[in-house]
Amino acid sequence: MKPVPHATSLRRAPVQRRSAERLTRILDACADLLDEVGYDALSTRAVAQRASVPIGSVYRFFGNKRQMADALAQRNLERYSERVTQRLRQAGEDGGWRTAMDAVLDEYLEMKRTAPGFSLVDFGNQIPVGARHTEPNHRVADRLTELLSGYLDREPDEDLRRVFLVAVETADTLVHLAFRVAPEGDERIIEEAREMLRAYLARALD
C-alpha cells in the first residue's frame, strides 16, 4: 500500500502504519461517496461509516469535509505525477516534448474516466462544484515543471513554468468541455485540444 501524502489540510500526519492505512481508507471512502452522492451531500459521518472507522478517526485528520476533499485532491496529484513519471520512464529519453505531452494528457484523461471522485475533485479546482480557482492549476504546472524539465533538457525557470501553466489552463478548460458534452469525454474535442496543445508547445519548446 502506498503511503498517503501529508496534505497541508491534515490536522495530524499519520505516523504509524495502522494510522496511515486508516487515512487511506477514509480518503477512499470519501472518493467513492463523492461519485455516489456528490459534494453537497457528503458528510464526515457517512465517510466514517463507509470506511468502517470511528467518527473520531475522521476528525483526527480533518476538521471538515472540505479539508478531506483537499487531501483527496493532493493524493490525486501525487498519483497523477507517479503515472506520468512511469509513462516517461517507459518511453525512454528520446521521446521529446510530444511524448511528454501525450503522457500528461492521456494520464489525466484516464484518471478522469476511472479514478473515484476525480470528476468532482481532480486536483482541487472543482470544490465547491463549478469553482474555477487558479491555485490548483498553478500547482499542477509547477509539478509538471519539476517532472519534465530534466526529460526535456530545459531549465525549470519562469519561462517554462509559464508555458506549462498556459498549457494546463488550456487543457483543463477543453477537457472539462469534452466531459460536459459526453460522459466519457468527447473524442473530437479531446483531439482538438491535443492539436491546440501541440501547436502551442511547438512554438515554445521546439
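Quick notes on the rules
Residues numbered from 1 in each chain as written. Predicted model: local features only at pLDDT ≥ 70, side-chain atom pairs only at ≥ 80, totals over all residues. Heavy atoms only, no water. Helix = DSSP H or I, 4+ residues; strand = E, 2+ residues; numbered from the N terminus. Expected span 1.5 Å × (residues − 1). Buried < 20%, exposed > 50% of the residue type's maximum accessible area, 1.4 Å probe, protein only. Contact = heavy atoms within 4.5 Å. Polar contact = N/O pair within 3.5 Å; in protein donor to acceptor, adjacent residues only side chain to side chain. Axes fitted to C-alpha atoms, helices over the stretch in contact; angles between N-to-C directions. Parallel < 35°, antiparallel > 145°, perpendicular 65-115°, else oblique. Nonpolar A, V, L, I, M, F, W, Y, C, P; charged D, E, K, R; others polar. pLDDT = per-residue confidence, 0-100. Core = buried A, V, L, I, M, F, W, Y, C linked by side-chain atoms within 4.5 Å. Phe/Tyr/Trp six-rings, centres within 6.5 Å; stacked < 30°, edge-to-face > 60°. Salt bridge = Lys/Arg side-chain N within 4 Å of Asp/Glu carboxyl O.

## Some remarks on helix α1 (residues 17-37)
An α-helix turns once every 3.6 residues. As a result, residues three or four positions apart point the same way. End to end, α1 covers 30 Å across 21 residues, agreeing with the expected 30 Å (1.5 Å per residue, within 8%). Of all the residues in α1, the buried ones are S19, A20, L23, T24, I26, L27, A29, C30, A31, L33 and L34. The inward-facing, buried residues of α1 abut α2 (44-51), α3 (55-61), α4 (65-91) and α6 (118-121). At the C-terminal side of α1, G38 shows a positive phi close to 85 degrees.

## Focus: helix α8 (residues 158-181)
Taking 1.5 Å per residue, 24 residues should reach 34 Å; α8 reaches 35 Å between its end C-alpha atoms and fits that length. Its side-chain oxygen at 3.3 Å from the backbone nitrogen of D159, D157 defines the N-terminal cap of α8.

## Examining the packing of α8 against helix α9 (residues 187-205)
Following both chains from N to C, one finds α8 and α9 inclined at 170 degrees, their axes separated by 9 Å at the closest point. Comparing their axes, α9 and α8 come out roughly antiparallel. Every residue of α9 that contacts α8 at L160, R162, V163, V166, A167, T170, A171, L174, L177, A178 and V181 is listed here: I189, I190, A193, M196, L197, Y200, L201, A204 and L205. A per-class count over the contact of α8 with α9 returns 18 nonpolar, one polar and one charged.

## Some thoughts on unusual backbone geometry
Positive phi, close to 60 degrees, is recorded for S52, a residue that is not glycine. Among the secondary structure elements, S52 is positioned in the loop between α2 and α3. One non-glycine residue, D122, lies in positive phi territory at about 30 degrees. Along the polypeptide, D122 turns up in the loop between α6 and α7 (135-152).

## Some words on the confidence of the model for the chain
For the chain, the mean per-residue pLDDT works out to 88, and 87% of the residues sit at or above 70. In the model, residues 1-7 has pLDDT below 50 throughout and makes 16 contacts with residues more than four positions away in sequence or in other chains.

## A short note on the nonpolar core
Note that soluble globular proteins tend to have their nonpolar side chains buried in a common cluster. With 38 residues, the main nonpolar core has Y80, L88, F123, L144, L148, L152 and L201 as its most contacted residues. Contributing elements (two or more residues each) for this core: α4, α5 (96-114), α7, α8 and α9. Per-element tally for this core: the top contributor is α8, with ten residues. Beyond its immediate chain neighbours, meaning those up to four positions away, L152 contacts G96, W97, A100, F164 and L205. Counting 24 residues, the second largest nonpolar core, distinct from the first, contains L23, I26, L34 and L120.

## Digging into the environment of G117
Note on placement: G117 falls in the loop between α5 and α6. Separated by 41 residues in the primary sequence, G117 and N76 place their C-alpha atoms 9.6 Å from one another. Apart from residues lying up to four places away in sequence, G117 is in contact with A31, L34, D35 and D122.

## Brief notes about the packing of aromatic side chains
Tallied over the full model, the rule gives six aromatic pairs. Each ring, one from Y80 and one from Y108, has its centre 6.4 Å from the other, and the planes form 80 degrees; the classification is edge-to-face. Linking Y80 in helix α4 with Y108 in helix α5, this pair joins segments that are 28 residues apart in sequence. Overall, the relative accessible area of 4% leaves Y80 in the buried class. Since its relative accessible area comes to 9%, Y108 is described here as buried. When the ring of Y108 is compared with that of F123, the centres are 5.9 Å apart and the planes differ by 40 degrees; the resulting orientation is tilted. Remark: F123 occurs in the loop between α6 and α7 and Y108 occurs in helix α5; sequence separation between them is 15 residues. On the accessibility criterion, F123 (6% relative accessible area) is buried.

## Notes on the pattern of salt bridges
Under the defined criterion, the tally for this structure stands at 20 salt bridges. D186 is the salt-bridge partner of R188, the closest N and O atoms lying 3.5 Å from each other. Two residues, E191 and R194, come together in a salt bridge whose shortest N-O distance is 3.4 Å. With E191 and R194 both in helix α9 and three residues apart, this pair spans about one turn of that helix. A relative accessible area of 37% places E191 in the partly exposed class.

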